[in-house]
Amino acid sequence: MNDALKTTVEAMAAPLAESLGLSIWGIEILGAGRPVLRIYVEGENGCDIDDCAELSRLLGLSLDVEDVMSGAYSLEVSSPGLERIFFSPDQLKQYINETVNLMLYDPVENWPGRKRFQGKLINAEGDCISVQPEDSEADAPPLTTNWKNIQRVRLVHDFNANKGVKHSVGKARS
């Protein structure tokens, strides 16, 4: 049911987002009583709060007219952010060598009993991804798992990467 609902919402949201110069990054439906429908969008030049508000207004009207979400629900539209959640293995390809946080449904053979990992994304081919956990030995094989075994994978942003770098303040001059 959840997958069918996500597919329906995406079919409605995608053309609206495209009309605003945005694309759908992912969709989550959380909770039961009064569910939260969360849509992540991004644009080639980023997206701001006005973009999100406009898509929320347009999509909210469409969802209500078509009665896609039965009963009360909350609609949230936002950018995926710096520590973005990944919704498909294809999204990971541009983040090879970046740090990710990974939660599995079931432990894998090389890492018995563990379901949570943080480490460098080594590979994302087809439905399999490989991560070198930060706490592994230097010569340890990477954790490799199928996308279906991934409960959640999120990018870990290094907030200290630009520490000490002076940034200009104010408007850019042309």
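Look above for the structure.
Below is a summary of the structure that appears in this document.

The rules behind these values
- Residues numbered from 1 in each chain as written.
- Predicted model: local features only at pLDDT ≥ 70, side-chain atom pairs only at ≥ 80, totals over all residues.
- Heavy atoms only, no water.
- Helix = DSSP H or I, 4+ residues; strand = E, 2+ residues; numbered from the N terminus.
- Pairing = 2+ DSSP bridges.
- Axes fitted to C-alpha atoms, helices over the stretch in contact; angles between N-to-C directions.
- Phe/Tyr/Trp six-rings, centres within 6.5 Å; stacked < 30°, edge-to-face > 60°.
- Lys NZ or Arg CZ within 6 Å of the ring centre and 35° of its normal.
- Contact = heavy atoms within 4.5 Å.
- Buried < 20%, exposed > 50% of the residue type's maximum accessible area, 1.4 Å probe, protein only.
- Polar contact = N/O pair within 3.5 Å; in protein donor to acceptor, adjacent residues only side chain to side chain.

By the secondary structure assignment, Glu-44 is in the loop between β2 (36-43) and α2 (49-66). Separated by 23 residues in sequence, Glu-44 and Gly-21 have C-alpha atoms that sit 7.7 Å apart.

Now for the sheet that holds strand β4 (residues 99-104). Taken together, the five strands give an open sheet; going across it, the order is β7-β6-β5-β4-β8, and neighbouring strands pair in antiparallel fashion. Looking at which strands have only one partner, the edges of the open sheet turn out to be β7 (143-146) and β8 (150-155). Neighbour-to-neighbour, the strand axes of this sheet turn through a mean angle of 40°, independent of strand direction. Pairing of β4 with strand β5 (residues 116-125) involves five bridges; the strand directions are antiparallel. Note on β5: the bridge partner recorded for Val-100 is Gly-119.

Following the criterion strictly, the structure yields four aromatic pairs and no others. Chaining the aromatic ring pairs together yields one cluster made of Trp-25, Phe-86 and Tyr-95. Above the plane of the ring of Trp-25 lies Arg-84, whose end atom (NZ or CZ) is 4.7 Å from the centre.

This paragraph deals with the sheet that holds strand β1 (residues 22-30). Strand order in the open sheet made by the three strands is β1-β2-β3, with mixed pairing throughout. Edge strands, defined here as strands with exactly one partner in the open sheet, are β1 and β3 (74-78). Averaged over all pairs of adjacent strands, the angle between their axes in this sheet comes to 20°, without regard to strand direction. Relative to β3, β2 runs parallel, the two sharing five bridges. Bridge assignment links Val-36 to a residue of β3, and that residue is Ser-74. Against the sheet, helix α1 (residues 2-19) makes contact with β1 and β2, and its axis sits at roughly 150° relative to β1, the strand it touches most. Each of β1, β2 and β3 is contacted by α2, which is oriented at about 145° to β3, the strand it contacts most.

Time to look at the side chain of Gln-91. Here Gln-91 lies in helix α3 (residues 89-92). Classification of Gln-91 by relative accessible area gives buried; the value is 12%. In this structure the side chain of Gln-91 is engaged in a polar contact, spanning 2.7 Å, whose partner is the backbone oxygen of Trp-25. Polar contacts involving the side chain of Gln-91 include one to the main-chain amide nitrogen of Phe-87, which spans 2.5 Å. Apart from the residues within four sequence positions on either side, Gln-91 is in contact with Trp-25 and Phe-86.

Turning to the environment of Leu-22, a few remarks are in order. Structurally, the position occupied by Leu-22 is in strand β1. Residues within four places of Leu-22 in sequence aside, it is in contact with Ala-17, Val-41, Glu-42, Gly-43, Gly-46, Cys-47 and Asp-51.

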